[in-house]
Amino acid sequence: MFGTLRLCLALVVMYSHLGVTIAGFNPGVSAVVIFFLLAGRVSAHLLKAFGNRALAYYAERAVRIYPAYFCVLLLAAAIWLAAPVASPFLPPPDAADWLANLFIAPLDFRLRWNGDHSGVLFDAQAFTLIPPAWSLGLELQFYLVAPLLMGLTADRRARVLAASLVVWVMAGMGVIDTDVWGYRLLPGVLFVFLAGMEMHDRRYGAVASVWLAGCLMYGAILVGAMAARPFNVETSLGLVIGIPLLMGCSRLPQAKFDHFLGGLSYAAFLLHFPLMWLFESAG
């Protein structure tokens, strides 16, 4: 039932971008974390099916992602040109902006230095015709290294997972930028993808460790032992909910409509911002 789950997650992301929050927190962030778990699980499945042949895997992922993305990108560009919309995501673009939108993968690198050079912030005002695609860019970066990760021994993969988990914990504690390193960039999110891979391979010890880390961070924030910082509540909750949710879905039989709903989920994920802008300009 992963297609149905994907559609539900895409709708949660869409509603979060419409301003819907739960107890002041953004449910779309938790949904994105679950998307990352799913991406890791799917990658492990595909790589095993392809005999860990990287080129076959890359080709499948490119066909899955880019054609639909380019169609929506053209639609979003047409809306932007025909009916200018006031949005922080649509400042005047330069050549680098267009390249980032075309290639997708650089979108989560849209960072800027603080004025006092005290650290890096995510630049939500960079020109992005499909704003949620920054997370797609992060997925593409994982897809590039996924064959290498699948080729590692279980012990070495566990060490990579642990190192990434440490980055995420440091970000959640505010030792390093919470938003950037705990949600946007691969070093602090790689363990989520790896947890999905380990789930597929039934290495439940590593999966349980990731779930426990999410529970501990969420619990620490809940009791006030750790400060709530940008998205550390949502990312930890995504792990707490997402891991048992995926394990439950994997035990359900696949319904006939599930694949169709999975296709709709990608369309909903890509289209909702351009359609919001279209309705805004028409109104």
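Here, every reference points to the structure presented above.
Thresholds applied
Residues numbered from 1 in each chain as written. Predicted model: local features only at pLDDT ≥ 70, side-chain atom pairs only at ≥ 80, totals over all residues. Heavy atoms only, no water. Helix = DSSP H or I, 4+ residues; strand = E, 2+ residues; numbered from the N terminus. Rg over C-alpha atoms; globule rule 2.2 N^0.38 Å. Buried < 20%, exposed > 50% of the residue type's maximum accessible area, 1.4 Å probe, protein only. Contact = heavy atoms within 4.5 Å. Areas by Shrake-Rupley, 256 points an atom, 1.4 Å probe, with all protein chains shown as cover. Lys, Arg positive; Asp, Glu negative; His and termini not counted. Charge placed at Lys NZ, Arg CZ, Asp CG, Glu CD. Salt bridge = Lys/Arg side-chain N within 4 Å of Asp/Glu carboxyl O. Core = buried A, V, L, I, M, F, W, Y, C linked by side-chain atoms within 4.5 Å. Axes fitted to C-alpha atoms, helices over the stretch in contact; angles between N-to-C directions. Parallel < 35°, antiparallel > 145°, perpendicular 65-115°, else oblique. Left-handed = near helix turned anticlockwise from the far one by under 90°. Nonpolar A, V, L, I, M, F, W, Y, C, P; charged D, E, K, R; others polar.

(A) Fine view of the overall build of the protein chain. Assigned secondary structure in the protein chain consists of eleven helices and two strands. For 283 residues, the compact-globule formula gives about 19 Å, and the C-alpha radius of gyration of the protein chain, at 19 Å, lands near that figure. If one aligns the C-alpha atoms of the protein chain with their principal axes, the spans along those axes are about 55 × 45 × 35 Å. Among the 283 residues that make up the protein chain, the fraction classed as buried is 49%. At a minimum sequence separation of 6, the contacts of the protein chain that also span at least 24 residues come to 76%. As presented, the protein chain carries roughly 13200 Å² of accessible surface, and 71% of it is formed by carbon and sulfur atoms. Of the charged side chains in the protein chain, 17 are positive and 15 negative, and the gap between their average positions amounts to 13 Å.

(B) Expanded view of the pattern of salt bridges. Per the stated rule, a full pass over the model turns up seven salt bridges. Between Arg61 and Glu60 there is a salt bridge whose closest N-O contact spans 2.7 Å. Here Glu198 ties to Arg157 by a salt bridge, and the two come within 2.6 Å at their closest N and O atoms. Placement of Glu198 in helix α8 (residues 190-200) and of Arg157 in helix α6 (residues 154-173) is noted, with a sequence separation of 41 residues between them. Residues joined in a network through salt bridges with shared partners are Lys48, Arg157, Glu198, Asp201 and Arg203.

(C) Looking closely at the nonpolar core. In this structure, Tyr69, Phe142, Phe191, Val192, Phe193, Leu246 and Leu270 are the most contacted members of the largest nonpolar core, which totals 77 residues. In terms of residues, this core owes the most to one element, helix α2 (residues 27-49), which gives 13 residues. Beyond its immediate sequence surroundings of up to four residues, Leu270 is in contact with Ala68, Tyr69, Val72, Ile130 and Leu136.

(D) Seen up close, the packing of helix α1 (residues 2-17) against α2. With their axes 8 Å apart at the nearest point, α1 and α2 run at an angle of 150° to one another. In terms of orientation, α1 lies roughly antiparallel with respect to α2. Crossing hand, α1 versus α2: left-handed. Contact residues: α1 offers Phe2, Leu5, Arg6, Leu9, Ala10, Val12, Val13 and Ser16, while α2 offers Pro27, Gly28, Ala31, Val32, Ile34, Phe35, Leu38, Arg41 and Val42. A class-by-class count of the residues in the contact of α1 with α2 yields 13 nonpolar, two polar and two charged.

Taken by themselves, the reported measurements are silent on function.
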